[in-house]
Amino acid sequence: MAAVDTPPGLGLDALAHGSFAARRGPRRLAELGLRVTLVIGVAAIALALRRPDAAPASTCVVGALTMMALTGLGVAVRRAQVSIGSDGVSWGWGRWTVRMDRDRIVKVELFDDAIALRPRRGSTWFLSRRDWDRFEAMRRAVVAVGLPADERARRAPLAARLQSYGRVLDAIIVLATATVALLALIAAGL
């Protein structure tokens with residue numbers, strides 16, 4: 001009998017104790033924002049290309065493409081998953097993930113509204129209740145896999161809440177949708 005050490009992501013997915021997705025509301029907002037931005041963005045580009053010699057035409061085309069890319073990025077981020085396993089924590093899409101291996105994690109602080117993963121070197125990862133579905137199960141998974149968890153019976157500090165991307169990402173999607181609508185109005189007036 002032989003034992004083989006398999007690197008993360010090469011077939012031992014059963015080691016994951018839990019896989020967690022973004023909450024349904026923010027995921028739907030991102031998808032709706034992308035759909036609306038694509039429709040209005042294509043219309044803005046078509047309107048701007050009627051008069052390509054007009055000064056704002058190129059701004060409308062580049063701006064619409066940028067807003068479509070931003071909302072596409074928002075959908076991609078909202079479709080990412082967090083996996084918590086005995087070998088560490090990963091964030092991403094299937095095999096395309098970023099990982100914080102177990103041996104890098106010094107401490108995991110479990111706040112009422114966030115989880116802070118503190119590595120030996122590098123930036124702290126904050127997983128916010130607002131961003132992730134089944135947040136209580138996520139907290140239990142951290143403890144169940146034996147990560148060095150420290151329970152904090154309070155809300156996360158302001159610095160941690162500011163680093164969770166959820167509200168900022170939602171605002172970017174809403175602003176991108178509003179901006180592409182404004183660009184369409186400008187293009188229609190050319």
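Predicted model, so just to flag it, every value in this text is computed and none were measured.

(A) View of helix α1 (residues 24–50). Its 27 residues give α1 an end-to-end C-alpha distance of 39 Å, which sits within 8% of 39 Å, the value for a rise of 1.5 Å per residue. Here α1 has its buried residues at P26, A30, E31, G33, T37, G41, A44, I45 and A48. On its buried face, α1 sits against α2 (55–79) and α5 (166–188).

(B) Structural view of unusual backbone geometry. Phi at R134 is positive, roughly 55°, even though this residue is not glycine. With respect to the secondary-structure elements, R134 resides in the loop between β7 (125–128) and α3 (135–144).

(C) Fine view of the packing of α2 against α5. With their axes 9 Å apart at the nearest point, α2 and α5 run at an angle of 155° to one another. As far as their axial angle goes, α5 and α2 are roughly antiparallel. When you trace α2 past α5, the crossing you get is left-handed. Note on element contacts: α5 touches α2 through G166, L169, D170, I172, I173, A176, T177, T179, V180, L183, I186 and A187, opposite P56, T59, C60, G63, A64, M67, L70, T71, G74, V77 and R78. The class makeup of the residues in the contact of α2 with α5 is 14 nonpolar, 7 polar and 2 charged.

(D) Geometry of the packing of aromatic side chains. For the structure shown, the criterion picks out 1 aromatic pair. Their ring planes at 70° and their centres at 5.1 Å tell us that W91 and W93 sit as a pair that is edge-to-face. Judged by relative accessible area, which is 36%, W93 ranks as partly exposed.

(E) Region of the structure containing the side chain of S90. With respect to the element layout, S90 can be found in strand β3 (residues 88–93). Taking relative accessible area as the criterion, S90 reaches 8% and is therefore assigned buried. Setting aside residues no more than four positions away along its own chain, S90 makes contact with Q81, V82, S83, T97, V98 and R99.

(F) Seen up close, the nonpolar core. Formed by 27 residues in total, the largest nonpolar core has its most connected members in I84 and M138. Those elements giving two or more residues to this core turn out to be α2, β2 (81–85), β3, β5 (105–110), β6 (114–119), β7, α3 and α5. The element best represented in this core is α3, accounting for 5 residues. Residues within four places of M138 in sequence aside, it is in contact with F20, V82, I84, I115, L127 and W132. Listed in part, the 14 residues of the second largest apolar core include A44, C60, V61 and A64.

(G) Highlighting the pattern of salt bridges. If you walk through the whole model with that rule in mind, you get 15 salt bridges. Close ionic contact of R118 with E109 constitutes a salt bridge, the shortest N to O distance being 2.6 Å.

(H) Spotlight on the environment of A184. Checked against the element boundaries, A184 lands in helix α5. With 123 residues separating them in the primary sequence, A184 and V61 have C-alpha atoms 9.4 Å apart. Dropping the residues within four chain positions of it, A184 is found in contact with I40, A44 and L47.

Thresholds, definitions, all that
- Residues numbered from 1 in each chain as written.
- Predicted model: local features only at pLDDT ≥ 70, side-chain atom pairs only at ≥ 80, totals over all residues.
- Heavy atoms only, no water.
- Helix = DSSP H or I, 4+ residues; strand = E, 2+ residues; numbered from the N terminus.
- Expected span 1.5 Å × (residues − 1).
- Buried < 20%, exposed > 50% of the residue type's maximum accessible area, 1.4 Å probe, protein only.
- Contact = heavy atoms within 4.5 Å.
- Axes fitted to C-alpha atoms, helices over the stretch in contact; angles between N-to-C directions.
- Parallel < 35°, antiparallel > 145°, perpendicular 65-115°, else oblique.
- Left-handed = near helix turned anticlockwise from the far one by under 90°.
- Nonpolar A, V, L, I, M, F, W, Y, C, P; charged D, E, K, R; others polar.
- Phe/Tyr/Trp six-rings, centres within 6.5 Å; stacked < 30°, edge-to-face > 60°.
- Core = buried A, V, L, I, M, F, W, Y, C linked by side-chain atoms within 4.5 Å.
- Salt bridge = Lys/Arg side-chain N within 4 Å of Asp/Glu carboxyl O.

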